[in-house]
Every structure is written in structure tokens, then in C-alpha cells.
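# Fold and geometry: a report
For reference, the chains in residue letters:
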Amino acid sequence: MNEMTPLNPAPRQRKPDWIRVKAPTSTGFAETKAMMRRLNLNTVCEEAACPNIGECWTKKHATVMILGDTCTRACAFCNVKTGMPRAVDALEPQHTADAAAELGLEHIVITSVDRDDLPDGGASQFVKVIQALRRTTPKTTIEILTPDFRNKAQAAVESIVEAGPDVYNHNLETVPRLYPTIRPGARYYASLRLLESVKRHDPSIFTKSGVMVGLGEERLEVHQVMDDMRSADIDFLTMGQYLQPTPRHAKVLDFVTPQAFDAYAAIARAKGFLLVAASPLTRSSYHAGDDFAKMRAAREAQLSRGLAKG
């Protein structure tokens, strides 16, 4: 073989039937996409190649990704592009609120790229988005999915909690053993402490975190992550199948069956989470509005039981 001849990439793994989805073709999907382009907004649905985009956008549910479309990190599982981001868009908060109003959203999820280049990691943009939403669509409940604000977490969390989101989500993504290869820019226990600090600052805010499976984690390692989350008083656990976005990313080592997800969910519920969403296609913001209603009802039931016992 000539030294200059490129090697053929390894063939992509065939996905099992339970995680195959149809290509989006609906009118609602096209309308949602057009609106996002008109308002110059990015979505994690597109950038992370979410398999649920067809279903969610048809229902006009979209997760806005603020602070641009370029991340300062390069996690092995993530399809968002990496590089030097552009300047923060001052119009982004109001455009996000306008999108929520136009879509008639009862619940909105806001996430972002990592912005290690900014002095506050981008926390102030989350605050401005929350404030714009409260002004423009005051009845919309707000869920944020933030990065870890590396070396800036305490001040960042304090400012965002003060702005008053209804749900604070930050994903642990995987088990601690796999962090060096899967999430090399982050620290497992720093992420746990971030979520713990949200509750410390405001116990009324729901906290949420998610993990991917299929990356080579062991079952007991996943159980330990659940225990760590409960020690940090996290309310809501999401679990989904990792899917390799491109051949450059980490490989899928295991396609976890729906039955195994059911078993994980049963164990998680027994550990005391208010809510658990676990299935191959579960993602952080999948059915987030319905899940928020369930979580709020679960807390109210829990408080009622506590009063009855008292």
C-alpha cells in the first residue's frame, strides 16, 4: 500500500431497531427551523445531532443553545464544533424570549456551549436570558442546562440562582473512571458540587442531571453515580444511550437494551429521585415540559405526605 493512501474508516455500527427514528419531514419541523434561523438562534437539537429532533420540532419544542455555536472544549462524545467562539450576541436573550413567545412555550430549556474564554464562563448571559423570558413570557417555566463554569462555579451559580430558573440541570455525562477520555476538560466531583451548591443557595429550585450509557461503564459504577447524585440532593435523573455522532468521536461499546434501562430506572426510583427518565432515546430536554409537571406534582405529593406524618 502506498504510504499516502488513506485508510478506510471503520464501518459504522448498525443501530438496533429500538433507537432508529424517521427523518424529519413535517411542516411543524420546517416552521421551527425557519424561525430559529430568522432569530439567529442556535439549538442543541441541531448542533448535537439529537435523534429526537423530528418529534420535538414537529411539536414546536426546541432547546436553545446560547453563547454561540462554538465550544472551547472538545469532549469525546459531543458533536458541537470546537474552536475560538465569536463575541457574545447582545440580542440573543431577547431573541430567545421572542422564540418562546412565538412558539407558545409553557416550558423552555436553555443550554450553552462551554465558554472558558469569558471571565464568568457565560453565566451573565444565562441571567439575561432568564430575565428576558420573565419579562416577555412570564408564564413560561424555565429550565437551564449549564456547563460546569470551570474555576468560576461559585460566583456563576450564585448569579444564575438569583435570577430564579425553575430547573437547574447540569449533566455528569458518565462515570468518574471515564472522565479522562470522555469528558477530559471537566471534573466529576466539581460537577457534583455545582449541583449541590444550587440546592444550598435555593432549595426550591429543582436540580437535574443526566448520564449516557454505552461507553464502557459498569453497572455498579452507574449505581454509584446515582448514589452520588442523591447525596447532592439531585431531584431528577435522565439516562440515555450514547450514539456516536461521527467516526472521530468515542465509539459505542454497548447498545443498552430497553429492559436494562427499565432496571436502571427502578433502582434509581428506589434511591429516592423525585423523577427518573431512562430509555435509549432519553435526552436531557426530551419531554422536558411534561417531566417538569410530573416532578412538581411529585414534590407536592412528597410534601403532603410529610405534613400528614407530622
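The sections below set out a description of the structure shown in this document. Keep in mind it's a predicted model, so treat the numbers as computed, not measured.

Criteria and cut-off values
- Counting starts from 1 at the beginning of each chain's written sequence and moves along it residue by residue.
- The predicted origin of the model limits local features to residues at a pLDDT of at least 70 and limits the giving and counting of side-chain atom pairs to 80 or more, whereas totals for whole chains, interfaces and linings rest on all residues.
- Remark: hydrogens and water are excluded; side-chain values derive from all non-hydrogen atoms of the structure.
- Note on conventions: DSSP H or I runs of at least 4 residues are helices, E runs of at least 2 residues are strands, and numbering of each starts at the N terminus.
- For the exposure calls, accessible area comes from a 1.4 Å probe over protein chains only, and a residue counts as buried if that area is under 20% of its type's maximum, exposed if over 50%, partly exposed in between.
- Here the accessible surface of atoms and residues is derived via Shrake-Rupley with a 1.4 Å probe, and residues count as covered only by protein chains that are part of the display.
- Being paired, for any two strands, means DSSP has found at least two bridges between them.
- Between Lys or Arg on one side and Asp or Glu on the other, a salt bridge is scored when a side-chain nitrogen of the former is within 4 Å of a carboxyl oxygen of the latter.
- Contacts: residue pairs with any heavy atoms within 4.5 Å of one another.
- Here the axes come from fitting lines to C-alpha atoms, over the contacting stretch only for helices, and the angles between their N-to-C directions go from 0 to 180 degrees.
- If an angle is under 35 degrees, it is roughly parallel; if it is over 145, roughly antiparallel; if it lies from 65 to 115, roughly perpendicular; otherwise it is oblique.
- Should the near helix be turned counterclockwise from the far one by less than a right angle, the crossing is left-handed, whereas a clockwise turn marks it as right-handed.
- Any residue outside Ala, Val, Leu, Ile, Met, Phe, Trp, Tyr, Cys, Pro, Asp, Glu, Lys and Arg is labelled polar, Gly included; the first ten of those are nonpolar and the last four are charged.
- A clockwise course of the path from the first strand over the helix to the second, judged with the strands pointing away from the viewer, identifies a crossover as right-handed.

This part takes up the overall build of the protein. When helices and strands are tallied, the protein shows 11 helices and 10 strands. Counting every position in the protein, which comprises 310 residues, the buried fraction comes to 51%. Taken as a whole, the protein presents about 15300 Å² of accessible surface, with 53% of it coming from carbon and sulfur.

With that settled, consider the pairing of strand β5 (residues 107-112). Of all 6 residues in β5, 6 are buried, a share of seventy percent or more. What you see with β5 is no split at all: His-107, Val-109 and Thr-111 on one side and Ile-108, Ile-110 and Ser-112 on the other are buried throughout. Direction of pairing for β5 relative to strand β6 (residues 141-145): parallel, over a ladder of 5 bridges. Considered in β6, the bridge of Ile-108 is made with Ile-142.

Quick look at the pattern of salt bridges now. Considering all chains together, one arrives at 13 salt bridges under this definition. For Asp-69, the salt bridge is made with Lys-81, and the minimal N-O distance between the two is 3.4 Å. With a gap of 12 residues between them, Asp-69 in the loop between β2 (64-66) and β3 (70-71) and Lys-81 in strand β4 (residues 81-82) connect regions that are remote in the sequence. Relative accessible area serves as the criterion here: at 24%, Asp-69 is assigned to the partly exposed category. Measuring nitrogen to oxygen at the nearest pair gives 2.7 Å for the salt bridge that ties Arg-73 to Asp-148. Separated by 75 residues along the polypeptide, Arg-73 in the loop between β3 and β4 and Asp-148 in the loop between β6 and α6 (153-163) bring together distant segments of the chain. Where salt bridges share partners, they join Arg-73, Asp-114, Asp-116, Asp-148 and Arg-150 into one cluster.

A separate point is the sheet that holds strand β10 (residues 275-278). If you walk across this open sheet you meet the 8 strands as β1-β2-β5-β6-β7-β8-β9-β10, and the pairing is mixed. Only two strands of the sheet have a single neighbouring strand rather than two, namely β1 (42-43) and β10. Across 3 bridges, the pairing between β6 and strand β7 (residues 167-169) is parallel. Looking at the pairing, Glu-143 lines up with Val-167 of β7. In the packing of helix α9 (residues 219-231) onto the sheet, the strands contacted are β8 (206-213) and β9 (236-241), and the crossing angle to β8 comes to about 170°.

Running from N to C, α6 and helix α8 (residues 188-201) point in directions that differ by 45°, and their axes come no closer than 10 Å. If you check the angle between α6 and α8, you find them oblique. The crossing of α6 and α8 is right-handed. Of the residues in α8, those touching α6 at Ala-153, Val-157, Glu-158 and Val-161 are Leu-194, Ser-197, Val-198 and His-201. Classifying every residue of the contact of α6 with α8 by side-chain character gives 5 nonpolar, 2 polar and 1 charged.

Glancing now at the pairing of β9. Remark: a regular strand shows side chains that alternate across the two faces of the sheet. Across the 6 residues of β9, 6 count as buried, placing the element largely inside the fold. Here β9 shows a buried face lined by Phe-236, Thr-238 and Gly-240 and a second buried face lined by Leu-237, Met-239 and Gln-241. Here β8 runs beside β9; their pairing, made up of 6 bridges, is parallel. Counted as the bridge partner of Ser-209 is Leu-237 from β9. In this view, the connection linking β8 to its parallel neighbour β9 by way of α9 has right-handed handedness. For β9 and β10, the ladder comprises 4 bridges, and the chain directions are parallel. Bridging across to β10, Phe-236 finds its partner in Leu-275. Taken together, β9, helix α10 (residues 258-270) and β10 constitute a β-α-β crossover, and its handedness is right-handed.

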